[in-house]
Amino acid sequence: MRVTLPFLGSLALLHRVSAQCQEVIPAQYAGTPFTNSLKTNHALSNITFFKIRDPSGQHICTSDASSDFSLLNYISLNSTGKRLQNNEIKRLVIVVSGAQADAWAYHKDMINALQAMKDSSITTDNVAILAPYFPNDNHAGTGFPYNSAGTTPNAKYPSPALVWYGSDWGGGANNQYPPRLKTVSAYDVLDQLIQYYANTAIFPNIKQIVVSGHSMGAQMLHRYAAVGKTRAQLGVTVPVSIYIGNPSSETRFTSDRPLSTGKCSSTFNDWREGLDKYSAYGAAHGGELTYNAELIAQGGDAVLANYRGKTVAHGRGILDRGDYSEGLCAPYTTGKDRHERFFKFLEKWPPLCPDPAADGCHTVDFVSTTHNNKEMFTSPAGWARLFRDNFNGDNSKAYDFGYPRHSEVDDPYPDPAQAGAPLTSTDTNTYAGGKTHRGCFTDVDNAQSVATLTVVGYSGNLNTRTYCANTCTQKGYTIAGLRDSTCYCGNSLGSQTVRVVTSSCYNKCPGDSSLCGTTNRLSILSSVDV
Ligand SMILES: *[C@@H]1O[C@H](CO)[C@@H](O)[C@H](O)[C@H]1NC(C)=O
Ligand SMILES: *[C@@H]1O[C@H](CO)[C@@H](O)[C@H](O)[C@H]1NC(C)=O
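The residue numbering used here restarts from 1 in each chain and proceeds along that chain's sequence as written. Chains and ligands are labelled sequentially in the order written, the chains with letters from A and the ligands with numbers from 1. Two thresholds apply to this predicted model, a pLDDT of at least 70 for residue-level local features and 80 or more for giving and counting side-chain atom pairs, whereas whole-chain, interface and lining totals are computed over all residues. No hydrogens and no water enter the side-chain calculation; it runs on all heavy atoms of the structure.

**Examining the overall build of the chain**
Moving on, step 1. When helices and strands are counted, the chain shows 13 helices and 17 strands.
Moving on, step 2. Atoms considered for the radius of gyration are the C-alpha atoms alone. The globule rule reads 2.2 Å times the number of residues to the power 0.38. Whereas a compact globule of 530 residues would reach a radius of gyration of roughly 24 Å, the chain reaches 26 Å, a difference of no more than 12%.
Moving on, step 3. In terms of principal-axis extent, the alpha carbons of the chain reach across some 95 × 55 × 40 Å.
Moving on, step 4. Accessible area is worked out with a 1.4 Å probe on protein chains only. A residue is then buried under 20% of its type maximum, exposed over 50%, and partly exposed in between. Out of the 530 residues in the chain, the part that is buried amounts to 56%.
Moving on, step 5. Two residues qualify as a contact provided that any one of their heavy atoms is within 4.5 Å of a heavy atom in the partner residue. Pairs at least 24 apart in sequence give 70% of the contacts found in the chain among residues at least 6 apart.
Moving on, step 6. The protein chains shown are the only cover counted for residues, whose accessible areas, like all others here, come from Shrake-Rupley with a 1.4 Å probe. With the model as given, the accessible surface of the chain reaches about 20600 Å², and the carbon-plus-sulfur share is 51%.
Moving on, step 7. Charged side chains in the chain number 45 positive and 44 negative. The centres of these two groups are separated by 3 Å. Comment: elements are numbered from the N terminus, with helices defined as DSSP H or I runs of at least four residues and strands as E runs of at least two. When charges are counted, Lys and Arg are positive and Asp and Glu negative, with His and the chain ends excluded. Charge positions are represented by NZ for Lys, CZ for Arg, CG for Asp and CD for Glu.

Written out as structure tokens, the structure reads:
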């Protein structure tokens, strides 16, 4: 709404001061609609617009610098295809898409997951599912208005649609469009969605808000768990939990790295993988990132404490061996793929749950699936974290899925009850020369330039743990390393070699069913400590 400017006395001053608008009140169904040709993929999925407040508080409303921001999102309808009444909503599940920004697909998958649970008390009639849309330039003209004939940025992108650059939203970057005002971090969007639905004057029966994401959405939420504002800072009393399913990388709170940084020495600790150069993130397109910069300025311990204060559910598809690193080298200093990075993160920062009924409980659930968000959501662990936990506001929580250990020699396992338990290997054989299985180790790859073992003892289809141990022992070596059909020997490991989660060495040996490493990873048998 336009308000009258006070008398300013000077025409020069008048030129410098923009007309000020009243503060925008964020709200669902209240955003300024803009033209798009997006589809809904589920009968209960509806496109709506959420009005977003300019977090810089400028309240500008001149046409060349308007703070009218509109977020397109998908919101679920009730079982009769109508909008849920506010007082019917007991739970909000926000689901953030993968890197393709295909919010319509994730929205469909989350509604399907809820319906597949077949629980008559937890349904589309009392759970609202919301998928925010974080578009980029690829979506110009379909997801938001684009005028190719425009001669200025504002003329090219005339609508109030919030648009980001590439997948920068995954790191919380500011919007790049509308070009006239680039002040909205993707994390501000999450904050405002949470604040709106946590308002019990609007939603008197809301009991829990879950912010969930898979793949790039999960990367975004791991970082949001790290630097996102606390409930107290947001003025929110409704419990908020964060579900993180199969991210390609995690934010780290210190600048040490489990794998060599030699091939990535200048950038490995930059935001999004580390905490350096936070304000520069996405700045070329969205301007300086200032979201919760006060926290970043306090350093890694403060960010870790902030992360530990959130309620976080890690979901891990144990057959997900993929990678999505967008050409960055930083993720490889933390592991070779999603699986390895996840366990290296847990090894450094084991999940804690001091009080399941309070903020700050972190859980880990394993699901026997690949990089498959549908199966993650539609699993007992997914149902528990997304829909069931604290459904009635009584702090109830389903047990953790995934125990006992899914892989031997993994240390530490995220079950506090098992903390300090002796590490054992299911391969308890003693091989030639007194060699025993020591786990899975890195070799030359995107991070490591020094080989782990340089002597090839054998290469061929007879390779097995037994065969390789015999070969290296006969040649006088204390260590045998297996990768597929190759058997390496040595008396010490390379200077950059580190042990990784045992399940990183998942290929069967050509000669039998024992495990023989995989690309860039060696199964190690040794008679000396490694
Ligand atoms: C669905 O929403 C409509 C309109 O808001 C409401 O009248 C109806 O009772 C709801 N149906 C159910 C089953 O909740
Ligand atoms: C679904 O979305 C369309 C377009 O935004 C809107 O016109 C319609 O009213 C919505 N339907 C419901 C039931 O909210």
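Next, the rest of the story.
**Let's talk about the domain arrangement of the chain**
Moving on, step 1. If you check the domain split of the chain, you get domain 1 (85-131 + 185-418) and domain 2 (430-526).
Moving on, step 2. Residue ranges assigned to the domains are those given by an automatic or database domain assignment. Here the C-alpha centroids of domain 1 and domain 2 sit 35 Å apart.
Moving on, step 3. On the side of domain 2, 19 residues touch domain 1, which itself brings 18 residues to the contact.
Moving on, step 4. Buried surface at the junction of domain 1 and domain 2, both sides included, amounts to about 1600 Å², of which 52% is carbon and sulfur.
Moving on, step 5. Put simply, a salt bridge is a Lys or Arg side-chain nitrogen that is within 4 Å of an Asp or Glu carboxyl oxygen. The tally of links between domain 1 and domain 2 comes to one salt bridge.
Moving on, step 6. Identification of polar contacts relies on pairs of N or O atoms within 3.5 Å, with a donor-acceptor requirement for protein atoms, meaning one able to donate a hydrogen and the other able to accept it, and with residues adjacent in sequence counted only if both atoms are side-chain atoms. Taken together, domain 1 and domain 2 are joined by eight residue pairs in polar contact (both at pLDDT 80 or more).
Moving on, step 7. As a working rule, the residues Ala, Val, Leu, Ile, Met, Phe, Trp, Tyr, Cys and Pro are called nonpolar, Asp, Glu, Lys and Arg charged, and the rest polar, with Gly in that last group. When the residues that make up the side of domain 1 that touches domain 2 are grouped by side-chain class, the tally is five nonpolar, five polar and eight charged. When two parts are brought into contact, each loses some accessible area as probed by a 1.4 Å sphere; the total of that loss over both is the buried area.

**What to know about the sheet that holds strand E9 (residues 240-245)**
Moving on, step 1. Any two strands between which DSSP finds at least two bridges are classified as paired. Read from one edge to the other, the open sheet built from nine strands follows the order E1-E2-E5-E7-E6-E8-E9-E10-E11, with strand pairing classed as mixed. With partners counted over all chains shown, the strands left at the sheet margins are strand E1 (27-28) and strand E11 (362-367), one partner each.
Moving on, step 2. Sheet topology note: the strand E8 (residues 208-214)/E9 ladder contains six bridges and is parallel. Counterpart to Val210 in the pairing with E9 is Ser241.
Moving on, step 3. The strands that helix H2 (residues 103-116) touches are strand E2 (45-52), strand E5 (69-76), strand E6 (91-96), strand E7 (127-132) and E8; relative to E7, the one it contacts most, it runs at about 160°. Lines fitted to C-alpha atoms define the axes, with helix axes restricted to the stretch in contact, and inter-axis angles between N-to-C directions lie between 0 and 180 degrees.

**Here's the deal with the state of the cysteines**
Moving on, step 1. The disulfide definition used here is simple: a pair of cysteine sulfur atoms within 2.5 Å. Tallied over the full model, the rule gives six disulfides.
Moving on, step 2. Between Cys440 and Cys505 runs a disulfide, and the two sulfur atoms are separated by 2.0 Å. Here the disulfide of Cys440 and Cys505 is right-handed, its torsion about the S-S bond being about 75°. Here Cys440 is found in strand E12 (residues 436-442), whereas its partner Cys505 is found in the loop between strand E16 (499-500) and strand E17 (521-526), with 65 residues between them in sequence.
Moving on, step 3. The side chain of Cys468 participates in a disulfide bridge whose partner is Cys487; the two sulfur atoms lie 2.0 Å from each other. Its torsion about the S-S bond being 80°, the disulfide of Cys468 and Cys487 is classed as right-handed. Taken together, the residues Cys468 in helix H13 (residues 465-474) and Cys487 in strand E15 (residues 486-490) connect sequence positions 19 residues apart.
Moving on, step 4. For Cys487, a relative accessible area of 0% corresponds to the buried category.

**A closer look at the site of ligand 1**
Moving on, step 1. If you check the shell around ligand 1, you find Asn78, Ser79, Thr80, Lys82, Arg83, Gln85, Glu88 and Asp125 and nothing else.
Moving on, step 2. Between an oxygen atom of ligand 1 and a main-chain N or O atom of Arg83, the distance comes to 2.8 Å.
Moving on, step 3. In the environment of ligand 1, an oxygen atom lies 2.4 Å from a nitrogen or oxygen atom belonging to the side chain of Gln85.
Moving on, step 4. A total of 360 Å² of accessible area belongs to ligand 1 in isolation, and the protein chains cover 59% of it.
Moving on, step 5. The residue inventory of the shell around ligand 1, partitioned by class, reads no nonpolar, four polar and four charged. Any residue with a non-hydrogen atom lying within 4 Å of a molecule or strand is treated as near it.

**What to know about the pattern of salt bridges**
Moving on, step 1. The tally for this structure, following the rule as stated, stands at 20 salt bridges.
Moving on, step 2. Close ionic contact of Arg231 with Asp359 constitutes a salt bridge, the shortest N to O distance being 3.0 Å. Of this pair, Arg231 sits in helix H6 (residues 231-234) while Asp359 sits in the loop between helix H10 (338-348) and E11, placing them 128 residues apart in sequence.
Moving on, step 3. On the accessibility criterion, Arg231 (24% relative accessible area) is partly exposed.
Moving on, step 4. Classification of Asp359 by relative accessible area gives partly exposed; the value is 35%.
Moving on, step 5. Asp320 serves as the salt-bridge partner of Arg316, at 3.6 Å between the closest nitrogen and oxygen.
Moving on, step 6. According to the relative accessible area criterion, Asp320 is buried, its value standing at 2%.
Moving on, step 7. Each of Arg316, Asp320 and Arg338 takes part in a single network of salt bridges with overlapping partners.

**Thoughts on the packing of H2 against helix H12 (residues 380-388)**
Moving on, step 1. Their axes nearest at 11 Å, the elements H2 and H12 cross at an angle of 100°. Viewed along their axes, H2 and H12 adopt a mutual orientation that is roughly perpendicular. For the pair H2 and H12, the contacting residues are Met110, Ala113, Leu114 and Ala116 in the first and Trp383, Leu386 and Phe387 in the second.
Moving on, step 2. Of the residues assigned to the contact of H2 with H12, the class counts are seven nonpolar, no polar and no charged. Here roughly perpendicular refers to angles of 65 to 115 degrees, roughly parallel to angles under 35, roughly antiparallel to angles over 145, and oblique to all remaining angles.

**A look at the side chain of Ser504**
Moving on, step 1. Looking at the secondary structure, you find Ser504 in the loop between E16 and E17.
Moving on, step 2. In this structure Ser504 comes out as buried when scored by relative accessible area, which is 0%.
Moving on, step 3. A distance of 3.3 Å separates a polar atom in the side chain of Ser504 from a polar atom in the side chain of Arg321.
Moving on, step 4. Leave out the neighbours within four places in its chain, and Ser504 touches Arg321, Glu340, Cys440, Thr518 and Arg521.

**Quick notes on the packing of aromatic side chains**
Moving on, step 1. We call Phe, Tyr and Trp rings a pair once their centres come within 6.5 Å, taking the six-membered ring for Trp, and we label the pair stacked below 30 degrees between planes, edge-to-face above 60, and tilted otherwise. Per the counting criterion, the structure on display carries 25 aromatic pairs.
Moving on, step 2. Consider the rings of Phe253 and Trp349, whose centres lie 5.1 Å apart with planes at 85°: the pair is edge-to-face. Highlighted residues: Phe253 in the loop between E9 and helix H7 (283-286) and Trp349 in the loop between H10 and E11, separated in sequence by 96 residues.
Moving on, step 3. An aromatic cluster of at least three residues, connected via ring pairs, comprises Phe50, Tyr196, Tyr197 and Phe203.
Moving on, step 4. We call a charge positioned over a ring when the NZ of a Lys or the CZ of an Arg lies within 6 Å of the ring centre and within 35 degrees of the ring normal. We note Arg83 situated over the ring of Tyr29; from NZ or CZ to the ring centre the distance is 3.5 Å.
Moving on, step 5. Its end group placed over the ring of Tyr332, Arg341 keeps NZ or CZ at 5.0 Å from the ring centre.

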